[in-house]
Amino acid sequence: MARWCYRHRLVVLLLWVGALFGLGFSASTAGTNYANVFSLPDTDSKSAYDLMEKAFPNTSGDTDTVVWKVDDGSVKDSAVQNRIQPALDKIAKMNGVGEVTSPYSGARGAAQISGDGKIAYAQLTFTQRANEVPKDLVQNVLDTAQGAERSGLQVELGGQAIQRVQEPPQGLSEMVGIVAAAVVLFLAFGSFFAMLLPIAIAVFGVGTGLFSTQLLSHATDVPDIAPLLASLIGLGVGIDYALFIVTRHRRGIQRGMDPEESAVTALNTSGRAVLFAGGTVCIALAGMLVTRLRFLDGVVVGTSLTVVLSVAAATTLLPALLGFLGPRVLSRRQRRRLAADGPEPEKTSGLAARWSTNVEKRPRRIAALALVVMAVLAIPVLSLRLGATDQGNDDASTTTRKAYDLLAEGFGPGFNGPLQVVSDGGDTATLVKDMEATPGVARVAALPPAKGVTVIQVVPKTSPQSEETDQLIDTLRDEVIPKAGAQAHVGGVTAVSKDFASVTGDRLPLFIATIIGLGFLLLLVAFRSLVVPLTAALMNLIAAAASFGVLVAIFQWGWGLDLLGLGKEGPINAFLPVIMLSLLFGLSMDYQVFLVSRMHEEWVHTRDNARAVRVGLAETSRVINSAALIMVCVFLAFVLSGDSGAAMAGVGLAAAVALDAFILRTALVPAAMHLLGNSNWWLPDWLEKRLPHLAVEPKEEAEPEPADGPASAVHGFVRTAEGEPVENASVALLSKGGRQLDRVDSLADGSYIVSVPAPGTYLLSTAAPSYGTRATQVVVTDGPLVYDVELAEGEVDAVN
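For every chain, the first residue of the written sequence is number 1, and numbering continues from 1 onward in sequence order. The predicted nature of this model means local features are confined to residues of pLDDT at least 70 and side-chain atom pairs, given and counted, to a pLDDT of 80 or more, with totals for whole chains, interfaces and linings taken over all residues. Heavy atoms from the whole structure form the basis of all side-chain values; hydrogens and water molecules are not counted.

## Considerations on the overall build of the chain
Reasoning step 1: Think of it this way: any DSSP run of H or I at least four residues long counts as a helix, any run of E at least two long counts as a strand, and we number them from the N terminus. The helix and strand inventory of the chain stands at 25 helices and 18 strands.
Reasoning step 2: Here the chain, with 800 residues, has 55% of them falling under the buried criterion.
Reasoning step 3: Areas reported here follow the Shrake-Rupley algorithm with a probe of radius 1.4 Å; residue values treat only the protein chains shown as occluding. Within the structure as shown, the chain displays about 33,400 Å² of accessible surface, and the carbon and sulfur contribution to it stands at 57%.
Reasoning step 4: Only four residue types enter the charge count: Lys and Arg as positive, Asp and Glu as negative, with His and the chain ends excluded. Lys charges are placed at NZ, Arg charges at CZ, Asp charges at CG and Glu charges at CD. On the chain, the mean spot of the 62 positive side-chain charges and the mean spot of the 76 negative ones are 3 Å from each other. Each residue gets one of three labels from its accessible area relative to the maximum for its type: buried under 20%, exposed over 50%, partly exposed in between, using a 1.4 Å probe on protein chains only.

Below, the structure is given as structure tokens:
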């Protein structure tokens with residue numbers, strides 16, 4: 001497939017461009033139809049919602065609030081009324097505004113003025129839901145209302161529709177993330193063209209994914225946070241997957257391969273790992289379905305579709321683009337060096353190699369230090385409290401946050417999250433009296449009944465996010481309503497959020513067990529080992545605990561919120577643990593696959609665990625860290641999205657990826673694998689026979705058939721860097737599939753000779769007790785090959 005895409009690159013490029021623009025045109029024509037379905041079956045708040053929908057079917061439009069405050073006098077003063085009322089009348093006449101309830105209209109309006117007469121509010125109801133209201137209309141409402149301001153008169157607006165127009169321009173966070181990723185890629189590659197490749201793959205993958213999700217919103221319930229999360233994860237994996245493949249391709253060209261063969265080899269090695277890694281991300285995302293939370297179904301659809309299209313772009317469009325670039329995927333300096341000095345030797349050096357050697361020498365110390373760091377970061381997770389953020393968590397400079405604070409100041413903190421007790425039978429009058437006498441209740445007001453249903457609005461004394469409000473809901477449900485003998489249910493946004501958090505918390509263990517179990521099975525089949533997937537599962541749990549600890553410290557405790565400009569502290573969004581754990585387990589599985597697949601490749605060839613771990617870490621740590629740095633930049637850019645849920649997910653995922661890549665995969669995992677030794681690759685024989693074979697790595701070429709006698713030989717001397725002979729060095733000849741064909745010990749003068757069964761390519765592995773292992777590919781033709789081996793202490797040498 002890679003070769004076909006490389007050779008038919010223009011066709012592939014035109015197909016992708018056509019798909020992107022075709023889906024974009026269709027999506028822009030159809031528009032959006034996102035819907036947040038928070039109601040949960042078999043919950044009290046869902047029963048209340050169903051009764052209200054039956055009695056009041058025409059209350060679906062979004063209701064927003066205009067709040068004003070005077071510094072001196074009263075809001076009832078004629079000077080204030082003469083400024084506010086004309087603005088409200090003008091808003092009421094706007095096309096798309098259904099009703100405006102003014103505090104200056106009779107007895108009903110008097111309840112909309114605070115006790116001290118300093119603060120008042122008007123409610124305006126749009127004819128559509130918040131996400132459907134045109135932004136131009138909302139901006140017009142905002143400008144008209146705030147146009148009434150003067151010195152001593154403050155006017156603010158709150159509500160979901162208002163919140164939409166104060167968000168930064170759509171796509172700002174994505175653009176910032178892409179620019180940050182481009183900078184990291186340019187520093188990693190040193191080539192402008194090579195930098196553009198992962199960016200292009202991410203743009204095509206995310207673009208087609210978002211347009212497809214927008215079209216699917218007309219067929220199924222997709223929440224409005226789904227496209228944000230889809231672009232967040234799509235940008236991260238799209239850039240990362242292309243980075244892994246391009247890095248392998250550039251290495252192949254530097255080693256002297258033809259660009260086409262290098263691209264095919266890169267896709268047949270790193271491309272396979274990308275396919276497998278993308279599959280693990282989708283499976284981790286699909287794990288959200290076991291929670292049976294309808295709100296998350298659309299998130300699964302949007303994010304999984306974007307990941308699939310990003311993988312498709314990396315495995316089809318990328319080889320086509322590599323065909324257009326040819327050797328220009330290298331920088332000019334690298335091309336000049338290749339032309340002057342010839343292919344580079346297959347040797348890993350620099351910081352990555354030195355770190356890999358240090359991990360091998362001090363695995364206990366490094367593992368202990370990494371565990372301590374992760375444990376300290378995980379401590380805040382013990383105080384995790386799930387709930388829902390609202391406009392009280394917005395930045396203090398926003399009009400929605402100012403309106404929220406004014407309403408809390410004038411009418412009490414519970415006014416921003418009233419409870420709706422919906423009764424369809426029993427003694428409603430007694431229920432109202434009992435609720436008025438309940439501790440923690442500020443006000444109770446029963447609306448006129450309709451179709452046998454009575455809605456009683458209960459205003460708590462505490463804010464919607466406080467634990468006392470949660471306890472009040474439990475008291476009403478468990479004690480007050482049964483005692484009054486009424487048939488009633490507690491609903492409203494605050495009650496729905498509480499039920500959502502409770503259901504999420506109850507189903508979280510099943511969800512975690514599901515995605516860990518699926519990940520374990522995938523790695524078990526891929527790497528033919530019981531210990532590797534067990535280690536990965538444990539590391540994923542450690543990474544999850546530490547990242548949630550960071551999230552709690554920032555968003556729940558408020559550490560650094562002002563510095564980041566992320567508003568006010570509050571509970572962690574109830575849906576976030578499920579979404580974050582899915583993405584975290586999928587992404588950490590990516591890094592585990594890329595790291596361990598290289599180790600496994602070396603293990604198959606040499607059967608030397610220490611060498612496999614050392615070489616695997618030395619060769620992949622740089623690219624994994626670069627990929628992680630890109631993801632951190634992309635995720636942190638979503639702080640600019642203006643959506644508190646996306647900002648929380650962005651910070652949490654950035655912390656998770658940074659901890660996973662820089663501490664777990666770079667230090668703890670290789671240190672643990674050094675300590676476990678050959679048991680890393682242990683698998684019972686009976687299980688080996690029953691497991692299906694999954695080719696994460698390319699199929700080995702057929703090994704040469706042994707001739708009647710030795711067809712040839714490899715001989716030479718084993719010496720140190722100073723030219724001294726090395727006695728008793730173990731010299732082994734292995735096939736490309738890793739089977740040992742011959743092994744000898746060097747003599748006193750360092751000489752050796754191993755038999756070769758037939759002409760071909762082999763692996764010559766040399767090891768001595770006080771020196772590093774050296775492995776080199778040798779090509780044997782018709783005659784004997786003379787090959788001298790030089791050993792150096794602590795050397796890290798690797799062969800692909």
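## So, the sheet that holds strand 2 (residues 97-101)
Reasoning step 1: A pair of strands is considered paired only if DSSP assigns at least 2 bridges between the two. Judged by pairing direction, the sheet is antiparallel, and its 4 strands sit side by side in the order 2-3-1-4 without closing on themselves. Two strands in the sheet have a free side with no partner beyond their single neighbour: strand 2 and strand 4 (153-158). Along the sheet, successive strands turn relative to each other by an average axial angle of 20°, direction set aside.
Reasoning step 2: Sheet analysis places strand 1 (residues 63-70) next to strand 4, joined by 6 bridges and oriented antiparallel. Paired with valine 66 across the two strands is leucine 157, which belongs to strand 4.
Reasoning step 3: The contact criterion used is simple: two residues touch if any of their non-hydrogen atoms lie within 4.5 Å. Each axis is a line fitted through C-alpha atoms, taken for helices only over the stretch in contact, and angles between the N-to-C directions span 0 to 180 degrees. Across the sheet, helix 6 (residues 135-146) touches strand 1, strand 2, strand 3 (119-126) and strand 4, and the angle it forms with strand 4 is around 160°.
Reasoning step 4: Relative to the sheet, helix 16 (residues 399-411) contacts strand 1, strand 3 and strand 4, its axis offset from that of strand 4 by approximately 110°.

## Overview of a nonpolar patch on the surface
Reasoning step 1: Patch membership is restricted to residues that have no salt bridge and whose relative accessible area is over 30%. Joining uses 9 Å for like charges and 5 Å for the nonpolar side chains Val, Leu, Ile, Met, Phe, Trp and Tyr. A side-chain nitrogen of Lys or Arg and a carboxyl oxygen of Asp or Glu constitute a salt bridge if their distance falls within 4 Å. There is a patch of nonpolar side chains on the surface, built from Met175, Val179, Val183 and Leu187 and spanning about 420 Å² of accessible area.
Reasoning step 2: With respect to the helices, strands and loops of the structure, valine 179 is situated in helix 8 (residues 172-189).

## Things to note about the packing of aromatic side chains
When we look at a pair of aromatic rings, we describe it by the centre distance and by the angle of the planes.
Reasoning step 1: Note on aromatic contacts: the rings of Phe and Tyr and the six-membered ring of Trp form a pair at centre separations within 6.5 Å, being stacked when their planes are under 30 degrees apart, edge-to-face when over 60 apart, and tilted otherwise. In the structure shown here, the tally under the stated rule is 8 aromatic pairs.
Reasoning step 2: Judged by centre distance (5.2 Å) and plane angle (85°), the rings of tyrosine 121 and phenylalanine 411 are edge-to-face. With tyrosine 121 in strand 3 and phenylalanine 411 in helix 16, this pair connects stretches of sequence that are 290 residues apart.
Reasoning step 3: The exposure class of tyrosine 121 is buried, given its relative accessible area of 8%.
Reasoning step 4: Ring pairing ties together the aromatic residues Tyr121, Phe411 and Phe415, which thus form one cluster.

## So, the confidence of the model for the chain
Reasoning step 1: Residue-level confidence of the predictor is what pLDDT reports, using numbers from 0 through 100. With 91% of its residues at a pLDDT of 70 or more, the chain has an overall mean of 84.
Reasoning step 2: Ranking the elements of the chain by mean pLDDT puts helix 5 (residues 106-110) last with 68 and helix 15 (residues 363-378) first with 94.
Reasoning step 3: Within the model, the stretch residues 700-710 combines pLDDT values under 50 with 15 contacts to residues more than four positions away or in other chains.

## A closer look at the nonpolar core
Reasoning step 1: Within the largest apolar cluster, 155 residues are counted, with the highest numbers of intra-cluster contacts made by Met288, Phe555, Tyr591 and Phe635.
Reasoning step 2: At 20 residues, helix 24 (residues 644-676) tops the list of elements feeding residues into this core.
Reasoning step 3: Beyond its immediate chain neighbours, meaning those up to four positions away, methionine 288 contacts Leu296, Val299, Val300, Phe511, Val578, Ile579 and Ser582.
Reasoning step 4: We call a set of buried residues a nonpolar core when its members are Ala, Val, Leu, Ile, Met, Phe, Trp, Tyr or Cys and they connect through side-chain atoms within 4.5 Å of each other. Judged by nonpolar contacts, the second largest core, of 30 residues, contains Val80, Leu88, Ala120 and Leu153.

## Examining the packing of helix 18 (residues 467-484) against helix 19 (residues 493-527)
Reasoning step 1: Relative to each other, helix 18 and helix 19 sit at 95°, their axes nearing to 10 Å. On the basis of the axis angle, helix 18 is roughly perpendicular to helix 19. Of the residues in helix 19, those in contact with Thr469, Asp470, Ile473, Asp474 and Arg477 of helix 18 are Thr494, Ala495, Lys498 and Asp499.
Reasoning step 2: Charged means Asp, Glu, Lys or Arg here, nonpolar means Ala, Val, Leu, Ile, Met, Phe, Trp, Tyr, Cys or Pro, and polar covers whatever is left, Gly included. A class-by-class count of the residues in the contact of helix 18 with helix 19 yields 2 nonpolar, 2 polar and 5 charged. Orientation is classified from the angle alone, with under 35 degrees giving roughly parallel, over 145 giving roughly antiparallel, 65 to 115 giving roughly perpendicular, and any other angle giving oblique.

## Digging into the packing of helix 9 (residues 192-216) against helix 12 (residues 294-325)
Reasoning step 1: Across the interface, helix 9 lies against helix 12 with an axial gap of 8 Å and an inter-helix angle of 145°. For the element pair helix 9 and helix 12, the recorded crossing hand is right-handed.
Reasoning step 2: Split by residue class, the contact of helix 9 with helix 12 holds 18 nonpolar, 8 polar and no charged. For any helix crossing, the convention is left-handed if the near helix is rotated counterclockwise from the far helix by under a right angle, and right-handed if that rotation is clockwise.

## Observations regarding helix 12
Reasoning step 1: Working rule for helices: expected span equals 1.5 Å times residues minus one. Spanning 32 residues, helix 12 covers 46 Å between terminal C-alpha atoms, matching the ideal 46 Å at 1.5 Å per step.
Reasoning step 2: Fitting axes to the seven residues that end at a residue and to the seven that start at it, the angle between those axes gives the bend at that residue. At leucine 317, helix 12 shows its maximal bend, which comes to roughly 35°, and the proline proline 319 appears one to four places after that position.
Reasoning step 3: In terms of residue burial, helix 12 counts as a mostly covered element, since 25 of its 32 residues are buried.
Reasoning step 4: Downstream of helix 12 by a residue or two, glycine 326 has a phi angle that is positive, lying close to 60°.

## Observations concerning the sheet that holds strand 15 (residues 760-767)
What links the strands of a sheet is backbone hydrogen bonding, and the strands pair in either a parallel or an antiparallel sense.
Reasoning step 1: Spatial ordering of the open sheet is given by 13-12-15-16, a layout of 4 strands whose pairing is antiparallel. One side of each edge strand has no neighbouring strand; the edge strands of this open sheet are strand 13 (740-745) and strand 16 (774-780). Going from strand to strand, the sheet's axes swing by 20° on average, the running direction of each strand aside.

## Some details on the environment of serine 383
Reasoning step 1: Tracing the sequence through the fold places serine 383 in the loop between helix 15 and strand 5 (386-387).
Reasoning step 2: Given the relative accessible area of 30%, serine 383 is considered partly exposed.
Reasoning step 3: Residues serine 383 and tryptophan 557 lie 174 residues apart in sequence; the distance between their C-alpha atoms is 9.5 Å.
Reasoning step 4: What serine 383 contacts, discounting residues up to four positions off in sequence, is Val552, Gln556 and Trp557.

## A closer look at the state of the cysteines
Reasoning step 1: Disulfides are defined as cysteine sulfur pairs within 2.5 Å. Applying the stated criterion across every chain, the model contains 0 disulfides.
Reasoning step 2: Left unpaired, cysteine 5 is separated from the closest cysteine sulfur, that of cysteine 282, by 19 Å.
Reasoning step 3: You can call cysteine 5 buried: its relative accessible area is 4%.

## Focus on the side chain of threonine 306
Reasoning step 1: Along the polypeptide, threonine 306 turns up in helix 12.
Reasoning step 2: Counted as a polar contact is a pair of N or O atoms within 3.5 Å, where, for protein atoms, one must be capable of donating a hydrogen and the other of accepting one, and residues adjacent in sequence contribute only when both atoms are in side chains. At 2.8 Å, the side chain of threonine 306 and the backbone oxygen of glycine 302 are in polar contact.
Reasoning step 3: With residues near it in sequence (within four places) discarded, threonine 306 still touches Gly205, Val206, Gly209, Leu210, Thr213, Ala230 and Gly234.

## What to know about the pattern of salt bridges
Reasoning step 1: A complete count under the given rule lists 15 salt bridges for this structure.
Reasoning step 2: Between glutamate 409 and lysine 69 there is a salt bridge; the shortest N-O distance is 3.0 Å. You can see glutamate 409 sitting in helix 16 and its partner lysine 69 sitting in strand 1, a full 340 residues away along the chain.
Reasoning step 3: Its salt-bridge partner being aspartate 660, residue arginine 665 comes within 2.8 Å of it at the nearest N-O pair. Aspartate 660 shares its class with arginine 665; the two are buried.
Reasoning step 4: What emerges from the salt-bridge pattern is a single network uniting Arg3, Arg7, Glu260 and Glu261.

## Describing the environment of leucine 763
Reasoning step 1: Tracing the backbone shows leucine 763 in strand 15.
Reasoning step 2: C-alpha separation for the pair leucine 763 and glutamate 261, spaced 502 residues apart in sequence, amounts to 21 Å.

## A few points about helix 13 (residues 332-341)
An α-helical turn contains 3.6 residues, so any two residues separated by three or four positions project in the same direction.
Reasoning step 1: Buried residues are scarce in helix 13, accounting for 1 of its 10 residues.
Reasoning step 2: Two residues or fewer past helix 13, glycine 342 is found with a positive phi of approximately 80°.

## Structural notes on the pairing of strand 3
Reasoning step 1: Burial analysis of strand 3 places 6 of its 8 residues in the buried class, the great majority of the element.
Reasoning step 2: Direction of pairing for strand 2 relative to strand 3: antiparallel, over a ladder of 4 bridges. Looking across to strand 3, one finds that valine 100 is bridged to leucine 124.

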